[in-house]
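Coordinates in review
Each chain is listed here by its residues.
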Amino acid sequence: MTKFKVTSSELNLRSTPEINSNNILTVLSKGQFLTRIGNEPDTERFWNLRTEDGIEGFASKSFLEALKIEEKVLWVVNYPTSGTPFGLDWFVERAVFIGATAVAIRTDNDLEAAIAAFHPLGIKVYGWRWPSAERVRALEEANKVVNLYARGLDGYYVDPEGKKGKHYDWDRLNLAPIADEFCKIITTAAPNKPFGTTSHFRGKKVHSELPWETFFQYSTLLLPQAYWKSADGLIFGGDPKKNYDISLDEWSAIGASKDKIVPMAGELAFSTVKNINDYVEEAINQGKTDLHFYTATKNVTDAVWNAVKQIG
């Protein structure tokens, strides 16, 4: 089954594959997603389709466009120590190999060098960080991002999480003012660049006191970490599709706009080809055109790298 979206301002979904004023089931709007469920030849004018609400019928294929992956983002924490400079060459090669449209690099790496390496290849560079929840340190990170914007950084993702007793523990009361100041500095400096929030995919059920609403208020993109396995073992059962859907539900419950939510895949080093394919299948089922993969390490198998390469 393949996902399509409506390209015309309106499109009739009909009970039979013919133009008849009495067979209109519903009128579809531009951008609405449909799943093709029939096996008609592509030469047929009408295709059998199902809406997101479960209505099945026929529509003219002339006003449908196949859903395509628009952004494939490869994340990294730190580069491997081998290679020069500091493994950046390895990361560039991996990003090019999988056909990444963008990379997300933690800001304790040399992002100026990364920008210089990736931009000539047509690959965008986003910064990300789990910043300190202490005001002075948090604002140091915010101003660092502003300086990187002046050097070509394409966007930024903030990663607030909880870690009891640590200076970067955001799962505490009364941190909304610091979060607001942090986000405002970054987004004011570059209002037209993506600003995203990433954190645990189960939201408030894991980090109940984290100032979610403040981060969401400034975000153009929301990236729940819908991981299925890590070094600690399976995550919430280890089902990529299930965790993807939980992400959408839990973050929507916090107040996130569903069209902004793009669950992340991971971790790559603990994934199988089936995991990757399940993640992509669910993303397409949900009408998502952006994919995020966490994270690039030398422990990722060739089979998984090849699976990510085949997408889009």
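Scope of this entry: the structure provided in the associated data block. (Residues numbered from 1 in each chain as written. Predicted model: local features only at pLDDT ≥ 70, side-chain atom pairs only at ≥ 80, totals over all residues. Heavy atoms only, no water.)

**A short note on unusual backbone geometry**
Omega for the peptide link from glycine 266 to glutamate 267 comes to -5°, which places this bond in the cis form. Among the structural elements, glutamate 267 can be located in the loop between strand E16 (265-266) and helix H7 (273-285). The omega torsion of the bond from tyrosine 294 to threonine 295 falls at 0°, within 30 degrees of zero and hence cis. Of note, the phi angle at asparagine 174 is positive, near 70°, even though the residue is not glycine. Its location among the elements puts asparagine 174 in the loop between strand E11 (155-158) and helix H4 (176-189). Even without being a glycine, phenylalanine 236 presents a positive backbone phi close to 50°. (Helix = DSSP H or I, 4+ residues; strand = E, 2+ residues; numbered from the N terminus.)

**Some words on the pattern of salt bridges**
Scanning the model with the defined rule gives 16 salt bridges in all. The closest approach of N and O atoms between glutamate 93 and arginine 94, which form a salt bridge, is 2.7 Å. For arginine 94, a relative accessible area of 12% puts it in the buried group. Several salt bridges share partner residues, and in doing so they unite Arg36, Glu40 and Asp42 into one network. (Salt bridge = Lys/Arg side-chain N within 4 Å of Asp/Glu carboxyl O. Buried < 20%, exposed > 50% of the residue type's maximum accessible area, 1.4 Å probe, protein only.)

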